[in-house]
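Single-letter residue listing:
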Amino acid sequence: MEPPINTIKLSQTAKDQLLKLRRFTKIDQWNILCRWAFCRSLAEPSIPSPVPIITDSNVEMTWKVFGGEMSDILLLALKQRCHNDGFGGDKETLATQFRLHLHRGIGYLAGDPNIKKIEDLIALSVEELE
């Protein structure tokens, strides 16, 4: 499947938040933390605020690195969410919504006072399923 964005760039704020999450969870790979964050935002019923995101950090990765073996599933989840939220499925809309969900999810995870170790991330995902 064709990704909506080829190179994912993060804001400096998101990078700082990911560094905090790395310290707590001991997950060293940016892409894995970003997958968690993206899914966390998708689980939130509200639409992310359409705020401008300044991609001023040195953290960037390709869509393939971000998604790994799950890249097609993550893309389908994004498309479904855009459909559910009443947005179109064009590449620009998907790219914008992806950035908004990714950055919102990073903020949610970094701001969650209950996340102090990797087990807390797992517990959070189990709560979402119940």
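Residues numbered from 1 in each chain as written. Predicted model: local features only at pLDDT ≥ 70, side-chain atom pairs only at ≥ 80, totals over all residues. Heavy atoms only, no water.

### Things to note about the packing of aromatic side chains
Taken as a whole and assessed by the stated rule, the structure comprises five aromatic pairs. When the centroid spacing of 5.9 Å and the interplanar angle of 80 degrees are considered together, the rings of F38 and F66 count as edge-to-face. One end of the pair, F38, is in helix α2 (residues 30-43); the other, F66, is in helix α3 (residues 63-67), with 28 residues separating them in the sequence. For the residue pair F38 and F66, the accessibility class agrees, reading buried in each case. Feature note: the residues F38, W63, F66 and F98 constitute an aromatic cluster, connected by ring pairs. A cation sits over an aromatic face here: R22 above W30, 4.5 Å from the ring centre. (Phe/Tyr/Trp six-rings, centres within 6.5 Å; stacked < 30°, edge-to-face > 60°. Helix = DSSP H or I, 4+ residues; strand = E, 2+ residues; numbered from the N terminus. Buried < 20%, exposed > 50% of the residue type's maximum accessible area, 1.4 Å probe, protein only. Lys NZ or Arg CZ within 6 Å of the ring centre and 35° of its normal.)

### A look at the environment of G67
Within the secondary structure, G67 is located in helix α3. A C-alpha to C-alpha distance of 9.9 Å links G67 and P3, two positions 64 residues apart in sequence. When near neighbours in sequence (up to four residues on either side) are disregarded, G67 contacts R35 and L74. (Contact = heavy atoms within 4.5 Å.)

### So, unusual backbone geometry
With the exception of glycine, most residues fall at negative phi, and the peptide bonds are largely trans. Positive phi is not limited to glycine here, since K26 has a value of about 65 degrees. Looking at where K26 falls in the secondary structure, it is placed in the loop between α1 (12-25) and α2. Among the residues examined, K26 registers a relative accessible area of 63% and is labelled exposed.

### Description of the pattern of salt bridges
Counted under the stated rule, the structure contains four salt bridges. D85 is the partner of R81 in a salt bridge, and the nearest nitrogen-oxygen pair spans 2.7 Å. Here K117 ties to D120 by a salt bridge, and the two come within 3.6 Å at their closest N and O atoms. Given a relative accessible area of 42%, K117 falls into the partly exposed group. (Salt bridge = Lys/Arg side-chain N within 4 Å of Asp/Glu carboxyl O.)

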